[in-house]
Amino acid sequence: MEQRLLEALKDISGNENVATDETGLLAYAYDATRLKGTPGAVVRPGSEEEVSKILSLASEREIPVVPRGAGSGLSGGAVPCRGGIVLSFERMNRIISIDTKNRIVTVQPGVVTADLQAAVEEKGLFYPPDPGSLAFCTIGGNVAENAGGMRALKYGVTRDYVIGLRAVLPSGEIIRAGVKTAKGVVGYDLARLIVGSEGTLAVVTEITLRLIPLPEKVITMTAFFAGVRDAGEVVAAIMASPFTPRCLEFLDSDALGAGARKIGYALPEGAGAFLLIETDGSLDEAARQMNGIHALLKNKALQTDITQDKAASAELWKLRRSTSQALFSIAPHKINEDTVVPVSRVPEALEGFREIASRFAQKIICFGHAGDGNIHVNVMTDRADPERLKAAEEAVSEVFRLVLSLGGTISGEHGVGLTKLQYIGMELSAAEIDLQKRIKSVFDPKGILNPGKIFP
Ligand SMILES: Cc1cc2nc3c(=O)[nH]c(=O)nc-3n(C[C@H](O)[C@H](O)[C@H](O)COP(=O)(O)OP(=O)(O)OC[C@H]3O[C@@H](n4cnc5c(N)ncnc54)[C@H](O)[C@@H]3O)c2cc1C
């Protein structure tokens, strides 16, 4: 990157907050997909004003800028595939205010999601979205990806909690979008447009989130089944009942085996599928919901364990939480898709994924947020082997075709980024893609903000 530009970046954010050395750049070259793109510089701004100055400079010189949270994204969103400046938010990590009277919290984008949750819980309030990565991902990344999580089934996703934000446009202009009140309908809802825009429309510098009261009680149950069909039928039965668990998580037999091996868990004899179910509310309500759900599945389950104790619940969660990492250790270059189908069609989808695996001679392992139909489909391939990768990509196309034919979507929470570029046309028409590209060019006429993402 040109020396004069680097000097200008150092003048804005300070020498110590601009990295150009090989190691410094390498650390920001990847996200969790392990796709790579080398930036020309990494800048860690300390304020919105600095972000604005950096963007005006980049816009003037037509240099790509890639916003970055923790780099835990699973679609390549934070990968600087066209070089340029990575704008990393680790210094902008302050909880600005927790307003208990109005049940809102205002934060900088670099706050780690789990830290935000812990801070509001201390005040008896609850921020429900809980991506599996919450211990390290940032709220800025969650907003940009409209992250979901285990509790989305009952409480919704990030978008349902963002009521307002501040952002910097690629030109350097600072805008406010949304409100800090319970209602607000003045003009277009730009906050909702920016949420889920994968860092391609504006750089988010401040976020206001609505909070709800912390539920009094949480009850956790794990249930093991002989196979995927039984578990899938139980998921459909629960969702057709009057009960609404806050989590309804699913592991198929391979995911279960991998997770159990990773943490040394002795599975019940014959276990071929697993559900983790949580209910919450007042003590009576949480118990009423859990008893109802238990009655629905007890004849099909091989074993169930239920607890109201926090520490015992964390033990029950270990199997579910260990899965993703366990599968990464088996196949570091696996393809991980996050398909969604209407929940009533989960059994058909699981059956279909099995058929596709056998037709394309691929190992496909499924787990995920079954209660909202969000199944993570893991094709255990090796991206480094072109032959195996080609067959795996054909299987992925078939998976997407099946999901769309069942009325679903090809991505529930990870976004398009780089990994789904080639598939976006399967779900959106040419006219829909064209409209979205025109929206992008209104925000970013020079195409400098996170270029190469979403649109083929
Ligand atoms: C083990 C594991 C489990 C996961 N589980 C879930 C899950 O349950 N649910 C889920 O939804 N996701 C999950 N993810 C994916 C990932 O954690 C989320 O997408 C998360 O929101 C990314 O946050 P991040 O801070 O790491 O963002 P990054 O990966 O750094 O960036 C993601 C996107 O956000 C943009 N961005 C970041 N900050 C800003 C900003 N301030 N302004 C504008 N754009 C910005 C980037 O440009 C990029 O496009 C998981 C990932 C892993 C590794």
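Computed from a predicted structure; not experimentally measured. (Residues numbered from 1 in each chain as written. Predicted model: local features only at pLDDT ≥ 70, side-chain atom pairs only at ≥ 80, totals over all residues.)

## Some details on the pairing of strand β18 (residues 374–379)
Side-chain positions along a regular strand alternate between the two faces of the sheet. Our working definition: For the exposure call, what matters is how many other C-beta atoms sit within 10 Å of a residue's own: 20 or more marks it buried, 12 or fewer exposed, and in between partly exposed, using C-beta atoms placed from the backbone. Helix and strand definitions here come from DSSP, where helices need a minimum of 4 consecutive H or I residues and strands a minimum of 2 consecutive E residues; each element is numbered from the N-terminal end. Strands were regarded as paired on the criterion that DSSP finds at least two bridges between them.
Burial within β18 is extensive, with 6 of its 6 residues counted as buried. A two-sided burial pattern is seen for β18, the buried positions comprising Asn374, His376 and Asn378 on one face and Ile375, Val377 and Val379 on the other. Where strand β16 (residues 335–340) lies against β18, 6 bridges are found, and the strand directions are antiparallel. In the sheet register, asparagine 336 faces β18, and the bridge partner there is asparagine 378. As paired elements, strand β17 (residues 364–369) and β18 share 6 bridges and run antiparallel to each other. Paired with isoleucine 364 across the strands is valine 379, a residue of β18. Between β17 and β18, which pair antiparallel and follow one another directly, the connecting turn spans 4 residues, one of which, glycine 373, has a positive phi of 75°.

## Considering the sheet that holds strand β4 (residues 85–88)
The following threshold applies: C-beta atoms are placed from the backbone for every residue, and two residues are taken to be in contact when these atoms lie within 7 Å. Lines fitted to C-alpha atoms define the axes, with helix axes restricted to the stretch in contact, and inter-axis angles between N-to-C directions lie between 0 and 180 degrees.
Pairing in this open sheet of 4 strands is mixed, and the strands run β1-β2-β4-β3 from one edge to the other. Only two strands of the sheet have a single partner each, and these edge strands are β1 (18–19) and β3 (65–68). Of the strand pairs in this sheet, β1 and strand β2 (residues 41–43) are connected by 2 bridges, and their pairing is antiparallel. Looking across to β2, one finds that valine 18 is bridged to valine 43. Across the sheet, helix α3 (residues 48–61) touches β2, β3 and β4, and the angle it forms with β4 is around 165°.

## Let's talk about the site of the ligand
Heads up, the condition is: We call a residue near a molecule or strand if the C-beta atom, set from the backbone, is within 6 Å of it. All residues other than Ala, Val, Leu, Ile, Met, Phe, Trp, Tyr, Cys, Pro, Asp, Glu, Lys and Arg, Gly among them, are scored as polar; the first ten of these are nonpolar and the last four charged. Segmentation of the chain into domains, including their bounds, is taken from an automatic or database domain assignment.
Residues in contact with the ligand amount to 36 residues; listed here are only the nearest, Gly69, Gly73, Gly77, Gly141 and Gly199. Those elements that provide at least two residues to the shell around the ligand are β3, α5 (139–145) and β10 (203–210). Considering every element that reaches the shell around the ligand, the biggest residue donor is α5, with 5 residues. A breakdown of the residues in the shell around the ligand according to their chemical character gives 14 nonpolar, 17 polar and 5 charged. Mapped onto the domain boundaries, the shell around the ligand takes at least three residues apiece from domain 1 (3–88) and domain 2 (95–213).

## With respect to the environment of threonine 113
Relative to the helices and strands, threonine 113 is located in helix α4 (residues 113–121). Residue threonine 113 is classed as buried on the basis of its C-beta count, with 28 C-beta atoms lying within 10 Å. Between the alpha carbons of threonine 113 and alanine 135 there is a distance of 6.7 Å; along the sequence they are 22 residues apart. In contact with threonine 113, other than residues within four places in its own chain, are Pro131, Leu134, Cys137, Thr138, Ile139 and Asn142.

## Considerations on the sheet that holds strand β8 (residues 162–168)
The antiparallel open sheet is built from 5 strands, whose spatial order is β5-β6-β10-β8-β9. Strand pairing shows two members of the sheet lacking a second neighbour, β5 (95–99) and β9 (174–178), which therefore form its edges. In this sheet, adjacent strand axes meet at a mean angle of 10° when their direction is disregarded. Pairing of β8 with β10, which is carried by 6 bridges, proceeds in the antiparallel orientation. Across the sheet, residue alanine 167 finds its bridge partner in β10, namely valine 204. Contacting β5 and β6 (104–107), α4 crosses the sheet at an angle of about 35° to β5.

## Some thoughts on unusual backbone geometry
Unlike most non-glycine residues, arginine 103 shows phi in positive territory, near 50°. Structurally, arginine 103 is set in the loop between β5 and β6. Of the residues examined, arginine 103 has 17 C-beta atoms within 10 Å and is grouped as partly exposed. For glutamate 198, which is not a glycine, the phi torsion comes out positive at approximately 55°. Of the residues examined, glutamate 198 has 22 C-beta atoms within 10 Å and is grouped as buried.

## Digging into the domain arrangement of the chain
Segmenting the chain into domains produces domain 1 (3–88), domain 2 (95–213) and domain 3 (217–405). Computed over C-alpha atoms, the centres of domain 1 and domain 3 are 37 Å apart.

## A look at the nonpolar core
Put simply, the rule is: For the purposes of this analysis, a nonpolar core is taken to be any set of buried Ala, Val, Leu, Ile, Met, Phe, Trp, Tyr and Cys residues that are connected through C-beta atoms within 7 Å.
Judged by nonpolar contacts, the single largest core of 67 residues is most densely connected at Val235, Phe274, Leu275, Phe353, Ile364, Cys366 and Val399. Taken together, domain 2 (95–213) and domain 3 (217–405) each give at least three residues to this core, which thus spans both. Grouped together as the second largest cluster of nonpolar side chains are 51 residues, Ile12, Tyr127, Tyr161 and Ile207 included.

## Some points on the pairing of β5
Here β5 runs beside β6; their pairing, made up of 4 bridges, is antiparallel. From the neighbouring strand, isoleucine 95 faces β6, where its bridge partner is valine 107. Linking β5 back to β6 in an antiparallel pair, the connection comprises 4 residues, with arginine 103 at a positive phi of about 50°.

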